[in-house]
Amino acid sequence: MKKSLVIGAIASLLAFSANTSQAGNKSLVVYYSQSSTTEKVAKIIQKKTGADIERIKLIEDYSGDMGAVAGAFMKERQENKFRDMQKMKANVADYDTLYVGYPVWAGTISGGMQSFLKSTEIKGKVIIPFCTFGSGGNTSITDLREALPGNEILSWYGVRQARVDKAEAEVESFLVDLGVLKGNKKVLPSFSAQRALTSDDKAVFDKACGSYPMPLGTPESVSTRSIDNGTEYLFITSSKDMQGNESQQKIYVTNAGGVPEFTQVER
């Protein structure tokens, strides 16, 4: 990350921390949750912050298995035409900060949140994204930034659906780091340089990722850093995309208390 971007990010966080302490700042947790997984995270944020909360509801929600939902969503995305929302109780214009939550579908913002973004005037807000996903959510944040020009988008929180039971502790740490909650900020060390895998590294990768139903590639190298009660791994994997071209992914794994867990992939 360039130095200017780092300075800008720090300035944004300091400004946000100062702004949230001012009287009159109003926050809203607004989220779409098709299977109620994202709702669990939304309710944790509401409980921790005391913000107002509203679930986005569609006039005709998505139904069927994930294949049917994905197929309907992809067609709507291709046509740039999403489903109509039910009228919200909250007036978004009344709020200074929006916690914007959604599941990630096909690597991007899910249908219900797309409906909200396209039908709601959102300008001059502090936006704090959160998402749930099967493998990773970072690509959706780029799309969110493009959908919300004229707003200040801060750091995001994401959690795999398979790990949503870990969300409460992670959300609290995330909010402390943002300055929303009081507490000691955790400053994690940098990852070490990438190096060749050992047999122990490969065993950690296999145990964490072996049951994941989609291919994550072949691990080629790894770096590590210390975390509470364990180690975090950053594996670089190689695979081929749908066109047969070589591609690489970053696979994050935590090994706390001797239990390796696949946390996210960055593509």
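The structure displayed is predicted, hence computed values, not measured ones. Along each chain, the written sequence defines residue order, and numbers are assigned to residues from 1. Only residues with pLDDT of 70 or above have their local features reported here, since the model is predicted, and side-chain atom pairs are shown and tallied only from 80 upward, although totals for entire chains, interfaces and linings are computed over all residues. Side-chain figures throughout are based on the complete set of non-hydrogen atoms in the structure, without hydrogens or water.

Engineer: Any details on the overall build of the chain? Residues and values, ideally.
Structural biologist: Counting from the N terminus, the helices are the DSSP runs of H or I reaching at least four residues and the strands are the DSSP runs of E reaching at least two. Within the chain, the regular secondary structure consists of seven helices and 11 strands. Its C-alpha atoms give the chain a radius of gyration of 19 Å, near enough to 18 Å, the size a compact globule of 267 residues would have. If you line up the chain on its principal axes, its C-alpha atoms span 55 × 45 × 35 Å. Per-residue burial over the chain gives 42% buried out of 267 residues. Residue contacts are counted whenever heavy atoms from the two residues lie within 4.5 Å of one another. Considering only residue pairs separated by 6 or more positions, the chain has 66% of its internal contacts joining residues 24 or more positions apart. Total accessible area computed for the chain in this model is approximately 14200 Å², and 50% of it derives from carbon and sulfur atoms. Treating the 32 positive side-chain charges of the chain as one cloud and the 30 negative ones as another, the clouds have centres 2 Å apart. C-alpha atoms define the radius of gyration in this analysis, and the globule rule sets the expected value at 2.2 Å times the number of residues to the power 0.38. For every residue, the accessible area (1.4 Å probe, protein chains only) is compared with the maximum for its type, and the residue is labelled buried under 20%, exposed over 50%, or partly exposed between those bounds. Surface exposure here means Shrake-Rupley accessible area, sampled with a 1.4 Å probe, where a residue is shielded only by the protein chains that are shown. Under the counting rule used here, the positive set is Lys and Arg, the negative set is Asp and Glu, and His together with the chain ends is not counted. A charged residue contributes its charge at one atom only: NZ of Lys, CZ of Arg, CG of Asp or CD of Glu.

Engineer: Provide a residue-level description of the environment of Tyr233, including the pertinent values.
Structural biologist: One can find Tyr233 in strand β9 (residues 230–240). Setting aside anything within four residues of it in sequence, one finds Tyr233 in contact with Phe191, Asp201, Val204, Val222, Ser223, Thr224, Ile251, Tyr252, Val253 and Asn255.

Engineer: How would you explain helix α2 (residues 37–49) if you had to name every residue and give the values?
Structural biologist: Helix span is expected to be 1.5 Å times the residue number reduced by one. With 13 residues, α2 extends 19 Å from end C-alpha to end C-alpha; this agrees with the ideal 18 Å at 1.5 Å per step. All of the buried residues along α2 are Thr37, Thr38, Glu39, Val41, Ala42, Ile44 and Ile45. Here the buried face of α2 lies against β1 (27–31), β2 (52–55), β3 (97–105), β5 (126–133), β7 (157–160) and α6 (167–178). Gly50 occupies a position one or two residues after α2 and carries a positive phi of about 75°.

Engineer: An account of the sheet that holds strand β8 (residues 218–227) is requested, with residue identities and associated values reported.
Structural biologist: Strand pairing in a sheet relies on backbone hydrogen bonds, with the paired strands running either antiparallel or parallel. By definition, two strands form a pair when at least two bridges between them are found by DSSP. Strand order in the open sheet formed by four strands is β8-β9-β10-β11, and the pairing between neighbours is antiparallel. Bordering the open sheet on either side are β8 and β11 (259–266), each of which pairs with just one other strand. With direction set aside, neighbouring strand axes in the sheet form an average angle of 25°. Sheet topology places β9 next to strand β10 (residues 246–256); 11 bridges connect them, and they run antiparallel. Note that in β10 the partner of Ile236 across the bridge is Lys250. To define axes, lines are fitted to C-alpha atoms, for helices over the stretch in contact only, and angles between the resulting N-to-C directions are given on a 0 to 180 degree scale.

Engineer: Could you give an account of the side chain of Ser110, naming the residues involved and the relevant values?
Structural biologist: Its place among the elements puts Ser110 in the loop between β4 (108–109) and α4 (111–119). Apart from residues no more than four positions distant in its own chain, Ser110 is found in contact with Tyr32, Phe73, Tyr102, Pro103 and Trp105.

Engineer: Explain helix α3 (residues 66–79) residue by residue, including any values.
Structural biologist: Across its 14 residues, α3 extends 20 Å between first and last C-alpha, which sits within 8% of the 20 Å expected from 1.5 Å per residue. Restricting attention to buried positions, one finds in α3 the residues Val69, Phe73 and Glu76. The buried residues of α3 occupy an angular sector of 60° when the element is viewed end-on, so they sit on one face. Within α3, the exposed residues directed more than 90 degrees away from the buried face are Gly67 and Gln78. In this structure, the buried side of α3 is in contact with β3, β4 and α4. Just beyond α3, the residue with positive phi is Asn80, at close to 55°. Our arc is simply the arc of the directions from the helix axis toward the C-beta atoms.

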